[in-house]
Each structure stands twice: as C-alpha cells, then as structure tokens.
Amino acid sequence: PSLLIFDDYQHISKHSWFHEMIHIGLSKIPEGITLIIISRTEPPPILIRPCLNRQMAVLGWDSLRLTLEETDEIIRSQVREKISEETIFELYQTTDGWAAGLILMALKAKTENVGIQLLGRYIPEEIFNYLKSETFDKTDEEIQDFLLRTALLPGITVNIAEKLSDHSHAERILSELCHNNCFTEKHFLSEPVYQYHPLFKKFLFSRALETFPKKHLLELCRRAALLLEETDQPEAAFSLLHEAGDTYGKAKLIIVYAPGMLTQGKHQRLGEWLETLPKDIVEDTPRLLYWKALCYLPFDPGLSRHYFIKAYEGFRQQENVTETLLAWSGIIEAITYSFENFTELDRWIQVLNPLIGEAGDIFTENIEIRVTSRMFMALLIRQPDHSEIETWAERAVLLTDGCSRFKADNLLILFQLILYRMYKGDFRMAETALKSLRQLTRSGDGATPLDQIRTGYAEAIYY
C-alpha cells in the first residue's frame, strides 16, 4: 500500500496533456495504491467522469476545514499551559479552520513564549510571509490594489467593491479569487457576498497601512464606511472608522444611528461606541451627551441625570430650544426613575413654561408628547396640587387620542392618567384609561416587557 501525491496541481495549464495522463492513470492504478492530487482549484473537466464513476472523490475546503473540536484538540496537544474555552473559540474564529495557520500560531506560542491567550490578536510573521508569497505576490498589481482596497470591507458585494476599488470588473476578480481558493469564500444571501479569510484580511489591512499614505487610507476608510452605511451596515461602518482613527466620522455615525439603536434596546452597545470617543469631544457635543445619558437611563439613572443636565446646559448655550426640551424631558425621567430626591423636580417644573414660550411654533408632535408626558409625571409625583395639573392631564388625553405614532410615550401617559384619576377618586375615568392601556399594550409591536409590567402594576393598583 502506498500514496502517490501531486501537489500544486493548480499550476498546470488547463490545456496541458498532463490532465489526460492522470485520467488514464486513474483506471490503471492497482488495488492498494492511492493517488492524491492537491490543488487550489476544482478538478479540470476531463476528471469529472472519474468523480461520477467514484474512481475519485473530491474533498473541498468545507471538508478540510477544522471544526471547533478539532481546533481544541490540536491546540491542547501543542501547548501545555491551561487554555480557556473562550481562547480556543477566539483562535478558531481567527484561523477559520485553517490547519496550517493554527499550527503556526501554536508553534509561535511555544518557541517565542507568547501567551496563548494573546494569539488571537498577535499574528505570527510566518503566517503573513506565507500569505504574501503564496497568494499576494502571485497576483498582478491591479488585483493587488483591488485586494488592499476591498480588505477594508467585512463582506464584499460586487456593487460596493466596484465603487470602492474603482475597478469595473470586480465580479470577475472576486470570482477568480474564490475559484482559485485564494483565501476567499462566496456566500449566497440576497446577493452574492464574498469574504476574505480572517488572517488574509489582517494581512491585507497591514499591507494597506504600509502601501497607502495615511491621508489616502483615511479617505478610503471613510468611503468604505459611507458605502456600508448606505447599505445599512452601521456596525461594520463604525468598526472601520474606529480602525482608521476617524473620530469625527464615528461621532457623526453615532448621532445618526443612536435613535434606532435605543429603540432596539442596544443601550450598552451604543454606550461602548461612545466610550471610544475622546472625552473632550463628548463633553463639548451636547447631542453626544444626550445619547450618553439615554444609554445610562435604564441602568444608572443618577449618572444619566448628570449627563442630561450637561446636555441641557450645552443646548441652552447653543440656543437650540428643541434639543433643550428633549434634554429637559430626560432630566425628569432620570430623577423619577432614581427614586432618590424628588425635590429636584421643583426646579425643573419651574423652568418649563419659559422654555415652551421660546419654542413657539417649532413645538413638533414628537417634542410635545414627550414634554407633556414628562411634565405630567413630574407634577403627579411632586406637585399633585399644582394649579395647572388638570390642564396637563387634559392635554395628555388629547395627545393619546390623536397621536398613534409614539407608542412608548402614549403608554406612559395612560399609566400616569390611571394613577392621577385614582388619586382623585375618579375610578370611572381610571377604568377608561386602563382599558386603553391594556389595548395599546397588547396591540402589535412596540410594547416592551417593562410596558407589560407597568400595565399589570396599574391593574393591581386599580383593583
């Protein structure tokens, strides 16, 4: 029994007679002798028939790619130090099942005393040299330029690749890279999406840092981030801007996407984005302070109030009345949710009417319902005997009847109305508000678990 191995088969011309010789040879090989052909490309047409006749089997990348369990076993057999499951998983993601890459990283840990837990971020030079000589250097300058530009993208569509690289034949280049297994994979989603191997991508990015002037690379990153933003990929766009050190671009992206992220409950993720910005940039930008305050609101109302007040003061200096009213609403919420010192509400109740006077005709529907719900909340908790509380209550009722677009605010107003009517002993009106609250909580999307709990709480108090 023996093996006959042909390596680097992809270098043979597709017109060569050698393929026919292999084809004939397959039918002549005696029992017990196995022929192995190693190639980056699919078998040539003449070898399709042996595949169909089961004379030859094809093991593609998916068959050769290491599994997480195999990665675990290989690493633990190579490295003696204790390794956490998180580290194994990080190495698995970094190498993406590439056995040679994994072995090189494990050897680096042994020979150079690099902690295995750092290997996911520290890529051995040997891997970069291999990728350079085996893949990058074997392409012409045009494709090299294409690779360096598109390496900035997490997933590559033909449309985005053409715009970013200025190459009109991006589809052909990507298809050839994939066909030749040049560390490029193709995934079929709503449209074909190509992806470079994580290590190949890191190699290309480091190469781009060496090749392009800093100013040019920064502009390239901005273009790529803009293209990703246009295709609704804010996470990828932010990551790219962060790698490029584009503080202004990150701040702009946060301001655009913050409302949607908070609606989806991504408070902590938005907070992480804000933490990457220099402190002075956030402190000098009231809008960023406002979004930072909202990030903390569900988890630390006291800290949230601090940022809301700073945002309020910043908006006042800018004479931006609309944003000032939003910050004012946030301050009321933070004080209320903290349950520490309701006397602070007195100051903020007092400043509202002058602010409304300044707002004039720019009092939009969104601002009105937020301000009304928070003012009614403040009066209900701190000044239930206020001479204008009934006026605010009536205003709140009108808004819940005529404004269906702001469900969260409507739910809050209805909850407050139930409490207010019950405090006054008007249980008939409280029951009407409770029915509306139940109906709104159960209808369609938009009611959070907190809204459902609040509705149950209102029912309990009512009964």
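What counts and how
- Residues numbered from 1 in each chain as written.
- Predicted model: local features only at pLDDT ≥ 70, side-chain atom pairs only at ≥ 80, totals over all residues.
- Heavy atoms only, no water.
- Salt bridge = Lys/Arg side-chain N within 4 Å of Asp/Glu carboxyl O.
- Helix = DSSP H or I, 4+ residues; strand = E, 2+ residues; numbered from the N terminus.
- Buried < 20%, exposed > 50% of the residue type's maximum accessible area, 1.4 Å probe, protein only.
- Core = buried A, V, L, I, M, F, W, Y, C linked by side-chain atoms within 4.5 Å.
- Contact = heavy atoms within 4.5 Å.
- Expected span 1.5 Å × (residues − 1).
- Bend = angle between axes of the 7 residues up to and from the residue.
- Pairing = 2+ DSSP bridges.
- Right-handed = clockwise from strand over helix to strand, strands pointing away.
- Phe/Tyr/Trp six-rings, centres within 6.5 Å; stacked < 30°, edge-to-face > 60°.
- Lys NZ or Arg CZ within 6 Å of the ring centre and 35° of its normal.

*Asks:* Quick question: what am I supposed to make of the pattern of salt bridges here?
*Replies:* Any two side chains of opposite charge can pair, on the condition that their charged atoms come close. By the definition in use, this model includes 26 salt bridges. With a closest N to O distance of 2.9 Å, Asp145 and Arg149 form a salt bridge. Within this pair, Asp145 and its partner Arg149 are both found in helix α8 (residues 141-150), separated by four residues, close to a single helical turn. Classification of Asp145 by relative accessible area gives partly exposed; the value is 24%. Linking Arg172 and Glu176 is a salt bridge whose minimum nitrogen-to-oxygen distance equals 3.5 Å.

*Asks:* I would appreciate a short explanation of the nonpolar core in the present structure.
*Replies:* If you look at soluble globular proteins, the nonpolar side chains tend to sit buried side by side. Judged by nonpolar contacts, the single largest core of 126 residues is most densely connected at Tyr196, Leu204, Leu270 and Trp328. With 10 residues, the single largest contributor to this core is helix α23 (residues 407-423). When sequence neighbours within four positions are dropped, the list of residues in contact with Trp328 reads Tyr312, Trp348, Val351, Leu352, Leu355, Val371, Arg374 and Met375.

*Asks:* Got a minute to help me understand the environment of His386 in this structure?
*Replies:* Residue position: His386 is located in the loop between α21 (365-382) and α22 (389-402). The class for His386 is partly exposed, based on a relative accessible area of 22%. When the C-alpha positions of His386 and Asp401 are compared, they lie 24 Å apart, and in sequence the two are 15 residues distant.

*Asks:* Where do I start with helix α20 (residues 344-359) in this structure?
*Replies:* Every α-helical turn comprises 3.6 residues, leaving residues that sit three or four positions apart pointing alike. Compared with the 22 Å implied by 1.5 Å per residue over 16 residues, the 23 Å span of α20 between its first and last C-alpha is a close match. Most pronounced at Leu352, the bend in α20 amounts to some 30 degrees, and the proline Pro354 follows within four residues. For α20, the set of buried residues is Leu345, Trp348, Ile349, Leu352, Leu355, Ile356 and Ala359.

*Asks:* Which parts of the structure should I look at to understand the pairing of strand β1 (residues 2-6)?
*Replies:* Looking along a regular strand, one sees the side chains alternate between the two faces of the sheet. Pairing geometry for β1 and strand β2 (residues 33-37), over five bridges, is parallel. Looking at β2, one finds that Ser2 is bridged to Ile33. Crossover handedness for the path β1 to helix α1 (residues 18-28) to β2: right-handed.

*Asks:* Would you take a moment to explain the packing of aromatic side chains for this structure?
*Replies:* For any two aromatic rings, the description comes down to two numbers: the centre-to-centre distance and the angle of the planes. Under the defined criterion, the tally for this structure stands at 21 aromatic pairs. Each ring, one from Phe89 and one from Tyr92, has its centre 6.5 Å from the other, and the planes form 40 degrees; the classification is tilted. With Phe89 and Tyr92 both in helix α5 (residues 85-95) and three residues apart, the pair spans about one turn of that helix. On the accessibility criterion, Tyr92 (22% relative accessible area) is partly exposed. Between Phe200 and Phe203, the ring centres sit 6.2 Å apart and the planes meet at 15 degrees, which makes this aromatic pair stacked. Taken together, the residues span about one helical turn, with Phe200 and Phe203 both in helix α11 (residues 198-211) at a distance of three residues. As far as burial versus exposure is concerned, Phe200 and Phe203 are alike and both buried. A connected cluster of aromatic rings, assembled from ring pairs, spans Trp98, Phe128, Tyr130, Phe136, Phe183, Tyr196, Phe200 and Phe203. Between Arg454 and the ring centre of Phe415, over which it is positioned, the NZ or CZ distance is 5.8 Å.

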